[in-house]
Amino acid sequence: MLGRLFLLVATLFILHAAFSTYDHLSHLKSIGKPEGALPYDITLEAVIGLAMGILGASLNAAPLKEVTWSSEMKTRSIDEMDARLGFANYISRGRRFFS
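Residues numbered from 1 in each chain as written. Predicted model: local features only at pLDDT ≥ 70, side-chain atom pairs only at ≥ 80, totals over all residues. Heavy atoms only, no water.

As annotated in an unreviewed UniProt entry, the protein chain is Magnesium transporter from Lentinula detonsa. Here the protein chain is described in UniProt, under the heading Subcellular location (unreviewed entry), as follows: "Endomembrane system". Taken from UniProt, the Sequence similarities (unreviewed entry) comment for the protein chain reads in full: "Belongs to the membrane magnesium transporter (TC 1.A.67) family." (UniProt positions renumbered as here; feature names shortened; annotations may be inferred.)

We now examine the overall build of the protein chain. In terms of regular secondary structure, the protein chain is built from five helices and zero strands. The helix and strand sequence of the protein chain, counted from the amino end, reads α-α-α-α-α. Burial status across the protein chain gives 13% buried among its 99 residues. In the protein chain, once contacts between residues fewer than 6 apart in sequence are set aside, the share between residues at least 24 apart is 72%. Roughly 8,800 Å² of accessible area belongs to the protein chain as shown, and the carbon and sulfur atoms make up 65% of that amount. (Helix = DSSP H or I, 4+ residues; strand = E, 2+ residues; numbered from the N terminus. Buried < 20%, exposed > 50% of the residue type's maximum accessible area, 1.4 Å probe, protein only. Contact = heavy atoms within 4.5 Å. Areas by Shrake-Rupley, 256 points an atom, 1.4 Å probe, with all protein chains shown as cover.)

This brings us to the UniProt feature "transmembrane region" (unreviewed entry) in the protein chain. Taking the numbering used here, the UniProt-annotated feature "transmembrane region" (unreviewed entry) corresponds to residues 44-64. The span residues 44-64 carries 81% helix and 0% strand; its end-to-end C-alpha distance comes to 32 Å.

Once that is clear, we can look at helix H1 (residues 2-30). Compared with the 42 Å implied by 1.5 Å per residue over 29 residues, the 42 Å span of H1 between its first and last C-alpha is a close match. The elements touched by buried residues of H1 are helix H2 (40-60). Where H1 ends, the next residue or the one after it, Gly32, has phi of about 80 degrees, a positive value. (Expected span 1.5 Å × (residues − 1).)

What follows concerns the environment of Phe19. For Phe19, the location among the structural elements is in helix H1. When the C-alpha positions of Phe19 and Ile42 are compared, they lie 9.6 Å apart, and in sequence the two are 23 residues distant.

Our next topic: the side chain of His24. Mapped onto the elements, His24 comes out in helix H1. Here His24 falls in the buried class, since its relative accessible area comes to 18%.

In this section: the UniProt feature "signal peptide" (unreviewed entry) in the protein chain. Mapped onto the present numbering, the UniProt feature "signal peptide" (unreviewed entry) falls at residues 1-20. Taken as a whole, residues 1-20 contains 95% helix and 0% strand, while its terminal C-alpha atoms sit 29 Å from one another.

Attention now moves to the packing of H1 against H2. Viewed as axis vectors pointing N to C, H1 and H2 meet at an angle of 155 degrees, and their least axial separation amounts to 7 Å. One way to sum up the angle between H1 and H2 is to call them roughly antiparallel. Between H1 and H2 the crossing geometry is left-handed. By residue class, the composition of the contact of H1 with H2 is 16 nonpolar, nine polar and two charged. (Axes fitted to C-alpha atoms, helices over the stretch in contact; angles between N-to-C directions. Parallel < 35°, antiparallel > 145°, perpendicular 65-115°, else oblique. Left-handed = near helix turned anticlockwise from the far one by under 90°. Nonpolar A, V, L, I, M, F, W, Y, C, P; charged D, E, K, R; others polar.)

Right, here's the structure in full:
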């Protein structure tokens, strides 16, 4: 629940920063100064929104699964893992049929 709240607030921060950027650039264009740096409050708002989005996505993610051999063997049997079909030798069986 907390992760979704962080994602929602981060989305609002990013959208507000985008609207503020558009408003600032349209203001600069109206006074005849088309190039200029963004104010620090807009940049700070976008960075805070990014940080909150990362935090919200990590809190909202599913729990990590164990990736060790012992955890894999809890779900499988030794016959599935150690079949060794690559070592089957069919030549010795063929000699019995054709002798």
